[in-house]
Amino acid sequence: MFPLIYSDTFLNHDTGSFHPESPQRLEAIVNALKTVSWSDRLQWRQPTTLAQRDPLAYIRNSHINEYIQRVEAIATNGGGLLDEDTVISPQSYQVALLAVNAWLDGVDTVTQTQKQAFVLSRPPGHHAVQKTGMGFCLFSNAAIAANYALQCKGAQRVAILDWDVHHGNGTQAIVEDNPNIAYCSLHQFPAYPGTGRASETGKYDNILNIPMAPGSDLKSYQLAFSDQVIPFLAAFKGDLLIVSAGYDANQADPLASINLKPNDYAVFTQQLLTITSSILFGLEGGYDLSALSDSVLATIQACF
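What counts and what doesn't
- Residues numbered from 1 in each chain as written.
- Predicted model: local features only at pLDDT ≥ 70, side-chain atom pairs only at ≥ 80, totals over all residues.
- Heavy atoms only, no water.
- Pairing = 2+ DSSP bridges.
- Helix = DSSP H or I, 4+ residues; strand = E, 2+ residues; numbered from the N terminus.
- Axes fitted to C-alpha atoms, helices over the stretch in contact; angles between N-to-C directions.
- Salt bridge = Lys/Arg side-chain N within 4 Å of Asp/Glu carboxyl O.
- Buried < 20%, exposed > 50% of the residue type's maximum accessible area, 1.4 Å probe, protein only.
- 1 Å grid on protein atoms, 1.4 Å probe; cavity = no way out; pocket = protein on both sides within 12 Å on 5 of 7 lines; lining within 4 Å.
- Points joined across faces, edges and corners; volume = space filled by probe spheres on them.
- Nonpolar A, V, L, I, M, F, W, Y, C, P; charged D, E, K, R; others polar.

Engineer: Hey, could you go over the sheet that holds strand S1 (residues 2-5) for me, with residue numbers and the actual values?
Structural biologist: Whether parallel or antiparallel, the strands of a sheet pair through hydrogen bonds between backbone atoms. Within the open sheet, the eight strands sit side by side as S2-S1-S5-S10-S9-S6-S7-S8. Their pairing is parallel. Only two strands of the sheet have a single neighbouring strand rather than two, namely strand S2 (42-45) and strand S8 (207-212). Neighbour-to-neighbour, the strand axes of this sheet turn through a mean angle of 15 degrees, independent of strand direction. Summarising the sheet, strand S6 (residues 158-162) and strand S9 (residues 240-245) pair through five bridges and their orientation is parallel. Looking at the pairing, Ala159 lines up with Leu241 of S9.

Structural data, given as structure tokens:
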């Protein structure tokens, strides 16, 4: 059985009409997963509730307390904007806390089974830096999960692969000074947020950025995987691989200019499985609903 960590509560992060990071993203994925022919191979799990585990201690390892309090205050006061793209609704703070718990549950699951799991949560996280969120992101889920794995689950080394079309500036900023975390990102460049040059390698050469030109397709990505991604991850020898699974590099996506197809993510997943079975996938971007849901299906089916 393939574990999916999901809650309808994630739909309560209300970004307003016409915002690309909408609740409909998760609804499309869930509907697709519940109607696919192999739906009986999926195990749906609720995230640990906030009453059962307060994730704030883990969030504080990645974000300053003043920022966490700011998110809470904006939500408590009826909502508002962190920046022109990043919405906080009245329920967003609680939803973001539950999303962190879901990613921590994902770490628990993968470290216990040495098999794959997928966290279907929102808001996304990889643009959130220590002092603020941005780019639709509130808390840096992947970085928080990596630190949790090192501190609580006995992992010695954790790798993060970010295949979202945008560079995970927040994840990189939070983990780059930790020699026990490696971060690898393939992303369109130039593009938002303007970071992720190949020259950014981290204090311990634990960062690998692979800028991809607009128009790049599977052939370009396969070359990057075989020549850079797989050798980098294999040499690092992480006990856990966290994938920041954004799907906005699809040709159909409205926010970028990379020409991948949903089935290409199955190819990437199969390549990752040649170096480790301990993979936690966690949702980041992806804004064309059909391409997004098809890509998630392709990723999961490649794990069977």
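Engineer: Summarise the pattern of salt bridges; cite the residues concerned and give the values.
Structural biologist: Per the counting criterion, the structure on display carries five salt bridges. Salt-bridge contacts for Asp108 lead to Arg53; the nearest nitrogen and oxygen are separated by 3.5 Å. Placement of Asp108 in helix H4 (residues 92-113) and of Arg53 in the loop between S2 and helix H2 (56-59) is noted, with a sequence separation of 55 residues between them. For Arg53, a relative accessible area of 14% translates into the label buried. For Lys153, the salt bridge goes to Asp108, with nearest N and O atoms at 3.2 Å.

Engineer: Before we move on, could you go through the layout of surface pockets and cite the residues and values that matter?
Structural biologist: Its volume calculated, the largest pocket comes out at about 260 Å³. Surrounding the largest pocket, Met1, Phe2, Pro3, Arg41, Gln43, Arg45, Thr109, Thr113, Lys115, Gln116, Cys303 and Phe304 form its lining. Of all the secondary-structure elements, those providing two or more residues to the lining of the largest pocket are S1, S2 and H4. Around the second largest pocket, the lining comprises 14 residues; the ones closest to its centre are His127, Gly135, Phe136, His166 and Tyr192. Per-class residue counts for the lining of the second largest pocket are six nonpolar, five polar and three charged.

Engineer: So what's going on with the pairing of S6? Which residues, and what values?
Structural biologist: For a regular strand, the rule is simple: side chains alternate between the two faces of the sheet. The buried count for S6 comes to five of five residues, which makes it a mostly enclosed element. Residues Val158, Ile160 and Asp162 point to one face of S6 and Ala159 and Leu161 to the other, with burial holding for every one of them. Summarising the sheet, S6 and strand S7 (residues 181-188) pair through five bridges and their orientation is parallel. Bridge pairing links Ile160 to Tyr183 in S7.

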